[in-house]
Amino acid sequence: MKKGQVELLENSFVVIMIYFIAFIMIGGFLANEFFGQKKMLADLQEKEWVRKVNLIYSMQEFRCNDNSIQLYDCFDKDKIEAFIDLSTSDDAFFAYYREMMGEMVVKVSVFDYAPDVDDYDTSMDYVVYEIGNPKSETYREIKFPIILRDRAKGTNHFAILKIGAYQ
Amino acid sequence: MRKAQYEIFGVVIIIAVLIVVGIFIFATNIKGNDVKSSVFSDISQDLLDASMNSNTDLSFTLEEVFSNCFDEKRNNLCKLKWDGDCCEYGQQSMQNILDATLDTWKFRYNLLITDGTKELEFTNDNRCKSTSQKSSPGFYLIPQSVIVAELFICK
């Protein structure tokens, strides 16, 4: 092989190498952009979902208060019952919360954990708010252990708060 | 330096520059975008607070049931309204709570209730006992008897 051919071969190899590296870098960059955007969208949806859940979890309308101080993870049974009554009887009340909460599901159910309980008492299971289709693919729910306080009887019940929201 | 050496040197520089640029682009794009879902972080604390402060059907709160359990003299108080002692009642009640919540929600957990001498332990995965992979600790102190409940949810 002549010297000129060797140089041509060397130069060709160098050019191929540069193209190869550039190709890998551009491909990696585009893939990263694509997945990065998807991740960003998922994060935004996650944040929106968290915002909705936090909105419900901290609503004064359901929480226990002691001399104006909001008690941590305690929900007031009477306030919840009053909210349900008003939202079924008062259209303006329902419209106000419909606009604020949007499509969501909020349920509270008391769990009787006593060792000898055979039949669960469902008289304290509440559908507080339910708008939307829970079978939707974008529906996602979370459950919290809470105290459900019965002020009239002065008792606390262990309960599960279920908050479902659409992403 | 010969011409061939210059060429190789040039190629090395080009590749080095491309690698540096590539690393920079990836480093700026790969960021910790994880949303810290604060809603999940307090579940263990919520569970302890809600369960311990709830009233049982024995006219005690669950906190008082465990307080009685750790006191030999008061352990039999639960027998007035139930077949077993307070330790049995507390253990079965707490197990029911954990089964209905963390176990159902597919969380691995380890709950230890102790006064330093006696221990009650609840877990659905023995690997969760080790200090690694633990997150979201919940603590509850029963002051009368200095009993500490410590609930770990494992990742």
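Scroll up for the structure.
Residues numbered from 1 in each chain as written. Chains lettered and ligands numbered in written order. Predicted model: local features only at pLDDT ≥ 70, side-chain atom pairs only at ≥ 80, totals over all residues. Heavy atoms only, no water.

Residues and elements named next belong to chain B. Across the 7 residues of strand β1 (residues 108-114), 6 count as buried, placing the element largely inside the fold. Examined bridge by bridge, β1 and strand β4 (residues 147-154) share 7 bridges and lie antiparallel to one another. What sits directly across from R108, in β4, is C154. In terms of strand pairing, β1 meets strand β2 (residues 119-123) through 5 bridges, oriented antiparallel. Bridge assignment links L112 to a residue of β2, and that residue is E121. Between the antiparallel neighbours β1 and β2 lie 4 residues, among them G116 with a positive phi of about 100 degrees. (Buried < 20%, exposed > 50% of the residue type's maximum accessible area, 1.4 Å probe, protein only. Helix = DSSP H or I, 4+ residues; strand = E, 2+ residues; numbered from the N terminus. Pairing = 2+ DSSP bridges.)

Residue and element names in this part refer to chain B. Mapped onto the fold, K106 is located in the loop between α5 (86-103) and β1. Here K106 falls in the exposed class, since its relative accessible area comes to 74%. In sequence terms K106 and E119 are 13 residues apart; their C-alpha atoms lie 25 Å from each other.

Before going further, it helps to examine the pattern of salt bridges. Residue and element names in this part refer to chain A. Counting across every chain of the model gives 12 salt bridges over all chains. The partner of R140 in a salt bridge is E46, with the nearest N and O atoms 2.8 Å apart. Here R140, found in strand β5 (residues 139-150), pairs with E46, found in helix α1 (residues 3-57); they are 94 residues apart in sequence, far enough to count as distant. Given a relative accessible area of 16%, E46 falls into the buried group. Note that D150 and K77 form a salt bridge whose closest N and O atoms lie 3.8 Å from each other. You can see D150 sitting in strand β5 and its partner K77 sitting in helix α2 (residues 77-89), a full 73 residues away along the chain. Across the pair, exposure class does not vary: D150 and K77 are buried alike. (Salt bridge = Lys/Arg side-chain N within 4 Å of Asp/Glu carboxyl O.)

Taken as a whole and judged by the stated rule, the model has 13 aromatic pairs over all chains. Taking the centre distance of 5.4 Å and the plane angle of 65 degrees together, the rings of F83 of chain A and F93 of chain A count as edge-to-face. One end of the pair, F83 of chain A, is in helix α2; the other, F93 of chain A, is in helix α3 (residues 91-101), and 10 residues separate them in sequence. For the pair shown, F83 of chain A and F93 of chain A are each scored as buried. Ring geometry for F111 of chain A versus F158 of chain A: centroids 6.4 Å apart, planes at 70 degrees, classification edge-to-face. Taken as a pair, F111 of chain A in the loop between β3 (104-110) and β4 (125-130) and F158 of chain A in strand β6 (residues 155-166) lie far apart in primary sequence, 47 residues in all. The pair formed by F111 of chain A and F158 of chain A is uniform in burial state, with each residue classed as buried. Through pairs of rings, three or more aromatic residues link up here, namely F62, F83, F93, Y96 and Y97 of chain A. Across from the ring centre of Y57 of chain A, 5.0 Å away, lies the NZ or CZ of R63 of chain A, which sits over that ring. The ring of F70 of chain B has K118 of chain B sitting right over it, with the charged end atom 5.6 Å from the ring centre. (Phe/Tyr/Trp six-rings, centres within 6.5 Å; stacked < 30°, edge-to-face > 60°. Lys NZ or Arg CZ within 6 Å of the ring centre and 35° of its normal.)

Another point: the sheet that holds β4 of chain A. Residue and element names in this part refer to chain A. Strand order in the open sheet formed by 6 strands is β1-β2-β5-β6-β3-β4, with mixed pairing between adjacent strands. Looking along the sheet, the strands with just one partner apiece sit at the ends: β1 (63-66) and β4. Neighbour-to-neighbour, the strand axes of this sheet turn through a mean angle of 35 degrees, independent of strand direction. Relative to β4, β3 is paired through 5 bridges, and the arrangement is antiparallel. The residue of β4 that forms the bridge with V106 is Y129. Lying over the sheet, α3 contacts β3 and β4, oriented at roughly 75 degrees with respect to β4. (Axes fitted to C-alpha atoms, helices over the stretch in contact; angles between N-to-C directions. Contact = heavy atoms within 4.5 Å.)

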